[in-house]
Amino acid sequence: MSDDWPRLSARTRELFRRGAEVALDPRADWIEELHAAALGTDRMRPVAEDPVLAAATRRANLANLLHWAAANVQDPGRRVPANLGPEVLGASRDLVRRGLDQSGLDAYRTAQGVAWRRWMEICFELTGDPAELRELLDVSALSITTFIDDTVAAVSERMAAERAELTRGGHAERRATVTLLLEGAPIGRARAEAQLGYGLTGPHTAAVVWTGSGSAAPDQLEAAAEAVTRAAGAPRRLTVVASAAALWVWLPVAGAPRVADLAAPLAGTPDVRVAVGRPGRDVEGFRRSHLDAATTQRMLARLTSPQQAARYEDVQLVALLTAEPTAVDEFLADTLGGLRSADPDVQRTVRTYVQELGNASRTAEVLWTHRNTVLRRLARADELLPRPLADNVLGVAAALEVLRWRG
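Since we're looking at a predicted model, the values are computed, not measured.

S.K.: I'd like a description of the overall build of the protein chain, backed by residues and values.
M.R.: What the protein chain contains, in helices and strands, is 19 helices and six strands. Looking at the protein chain residue by residue over its 407 residues, the buried ones come to 48%. In the protein chain, 71% of the contacts between residues at least 6 apart in sequence involve partners at least 24 apart. Put simply, the protein chain has 49 plus and 52 minus side-chain charges, and the middle of one group is 4 Å from the middle of the other.

Printed below as a string of C-alpha cells:
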C-alpha cells in the first residue's frame, strides 16, 4: 500500500466500515442494476448474447463488489488490493478464448458507475454532517477508482499471458478457423478442413454443451459431448473449447439426437445443458446448425428453463415468441388468464388435446386417463381462459409451450 494514501479520522473509518457492511449484503435490485449496466453497452453485446460469457461476467462483477466491501469491513478506507479471484480470472480467460478480452474490460468501468451511485446513497444514509460526508466521499471515490484501475491492470496482464499461451496451442487455431466459418469469412474449404481435422462436405449437426453456473468440471462437459455423439450415432466429432464452461460440437450426421436419449447421461450432472441445432449440409449447414444451437442455448438461459437438453426444431416457436423478454409475460397473461397458474394436469391436457387435433378420445389414450376426465379438464380450462379454447387454439397452444420450457 502507498504511504501517501489518505488517513481517515476514527469517526469516518467507522462510517466507512458500516457502509461496507451494507454493501457486503447488496439488495437484489442493486445487483440486477449492476449486471444490466455491465452488459448493456454496444461493445458488450457479443458477451451479453452468450449465456456462458454473460454469466461469467455477472459472477466477476459481483465478486469485485464483494471483494471491495469485505476489504473495507476489515480495514476501512485503506487501499483495496486488486481482485484476482477465481471468478474474475475465469471470466477473463473465457473472454480471451473468444477474442473479446478488450471489450470485456468495459464491464468493470460501467459497473463502477452503478456501484458509486449506490455507495453514495449508503453514505448519505450514514451521516448528514457535511464535514464527515465530504471526507467519506472523497476517500470513497479514490478507493473505488483505484481498486478498479488496479484490477483492470492486473487482469489485463493476465489476459496478455493467456493470449500468448493460446496462440501456441492447436485449440486456438481451431477456434480461429471456426470463427471465420461462422462469420462467413472467405476461407478455403480445404484449408479449413486441414486446420480443423474435420470434413466440411456433407451433413453436420451442431451442439453447444455448457454450464450456466460454471460449476461443472471440464470432464463433465466432455462426458456430455460424448453422450451427444453416441446419441446421434456419430462416428466422430469436432470439439472446440469455446470457454471454460462451454464446448462447441459438430457431428458429421444428418440427424439430431433425441432429447430422450440424453436424459440418462445428463442426469448425474444437473448443471450441464445441451442445445442442438438443425442438421445442415456443407459449409453453410456447418454454420447454420451452430447458430440454431446458439439460439436454443440463449432461449434456455433466457427462460431459466429446468430442461437439460433441447433441440432447435422443438423450440423454434418458443425461441421466436420469447426473443423480446418484456413481452413474454404480457403474452402469457393475455392469452392464458387463469390457466397460466392452473393445475399442471389441466395445462397438460389442453396441450395434448391441441396436439391430438381436438380428439378427446385420443387425448385420453395419450394421457392414460378416462375420456370424461379429459372433458372435465377442458371445461375447467375454458372457465379460466380469457377466450374459449376453440376461439384461440393456436395462441393457447403457443403460450402453453412457452410455459413448458420456462423455469
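S.K.: Can you tell me about the packing of aromatic side chains, naming the residues and giving the values?
M.R.: Enumeration over the complete set of coordinates arrives at five aromatic pairs. Taken together, a centroid distance of 6.2 Å and an interplanar angle of 50 degrees make the contact between tyrosine 198 and phenylalanine 286 tilted. Residue tyrosine 198 is found in the loop between α10 (189-196) and β1 (203-211), and its partner phenylalanine 286 is found in helix α13 (residues 282-302); the two are separated by 88 residues along the sequence. Accessibility expressed as a relative area gives 0% for phenylalanine 286, which makes it buried.

S.K.: Outline the packing of helix α11 (residues 218-232) against helix α12 (residues 259-267), listing residues and values.
M.R.: Contact pair α11 / α12: the axes reach a minimum separation of 10 Å and the direction vectors enclose 155 degrees. Of the possible angle classes, the one that applies to α11 and α12 is roughly antiparallel. As for how α11 packs across α12, the hand of that crossing is right-handed. Side by side, α11 and α12 meet where Ala224, Ala227, Val228 and Ala231 of the first sit next to Asp261, Leu262, Pro265 and Leu266 of the second. Considering only residue class, the contact of α11 with α12 consists of seven nonpolar, no polar and one charged.

S.K.: I'd like to hear about the pattern of salt bridges, residue by residue, with values.
M.R.: Taken as a whole and assessed by the stated rule, the structure comprises 26 salt bridges. The partner of arginine 117 in a salt bridge is glutamate 33, and the shortest N-O contact between them spans 3.3 Å. A residue pair is termed long-range when its members are at least 10 positions apart, and arginine 117 in helix α7 (residues 106-126) and glutamate 33 in helix α2 (residues 28-39) qualify at 84 residues. Between aspartate 261 and arginine 258 there is a salt bridge, and its shortest N-O distance comes to 2.9 Å. By sharing partners, the salt bridges in this structure join Glu33, Arg117, Arg118 and Glu121 into a single network.

S.K.: Describe the nonpolar core, with residues and values.
M.R.: Nonpolar side chains tend to gather and get buried jointly when the protein is soluble and globular. Among the nonpolar cores identified, the biggest contains 51 residues, and Trp250, Phe286, Leu336 and Leu339 are the most heavily contacted of them. Contact partners of phenylalanine 286, with chain neighbours within four places excluded, come to Val178, Leu181, Leu196, Tyr198, Leu200, His204, Leu238, Trp250 and Arg281. By size, the runner-up hydrophobic cluster in this structure holds 42 residues, among which are Leu39, Val114, Ile144 and Val152.

S.K.: I'd like a rundown of α11, residues and numbers included.
M.R.: Between the first and last C-alpha of α11 there are 21 Å, a value that for 15 residues agrees with the 21 Å anticipated at 1.5 Å per step. Where α11 is concerned, the buried positions are Leu221, Ala224, Ala225, Ala227, Val228, Thr229 and Ala232. Where α11 is buried, its residues contact β1, β3 (246-251), α12 and β4 (272-276). Looking at the residues trailing α11, positive phi occurs at glycine 233, about 70 degrees.

Rules used throughout
- Residues numbered from 1 in each chain as written.
- Predicted model: local features only at pLDDT ≥ 70, side-chain atom pairs only at ≥ 80, totals over all residues.
- Heavy atoms only, no water.
- Helix = DSSP H or I, 4+ residues; strand = E, 2+ residues; numbered from the N terminus.
- Buried < 20%, exposed > 50% of the residue type's maximum accessible area, 1.4 Å probe, protein only.
- Contact = heavy atoms within 4.5 Å.
- Lys, Arg positive; Asp, Glu negative; His and termini not counted.
- Charge placed at Lys NZ, Arg CZ, Asp CG, Glu CD.
- Phe/Tyr/Trp six-rings, centres within 6.5 Å; stacked < 30°, edge-to-face > 60°.
- Axes fitted to C-alpha atoms, helices over the stretch in contact; angles between N-to-C directions.
- Parallel < 35°, antiparallel > 145°, perpendicular 65-115°, else oblique.
- Left-handed = near helix turned anticlockwise from the far one by under 90°.
- Nonpolar A, V, L, I, M, F, W, Y, C, P; charged D, E, K, R; others polar.
- Salt bridge = Lys/Arg side-chain N within 4 Å of Asp/Glu carboxyl O.
- Core = buried A, V, L, I, M, F, W, Y, C linked by side-chain atoms within 4.5 Å.
- Expected span 1.5 Å × (residues − 1).

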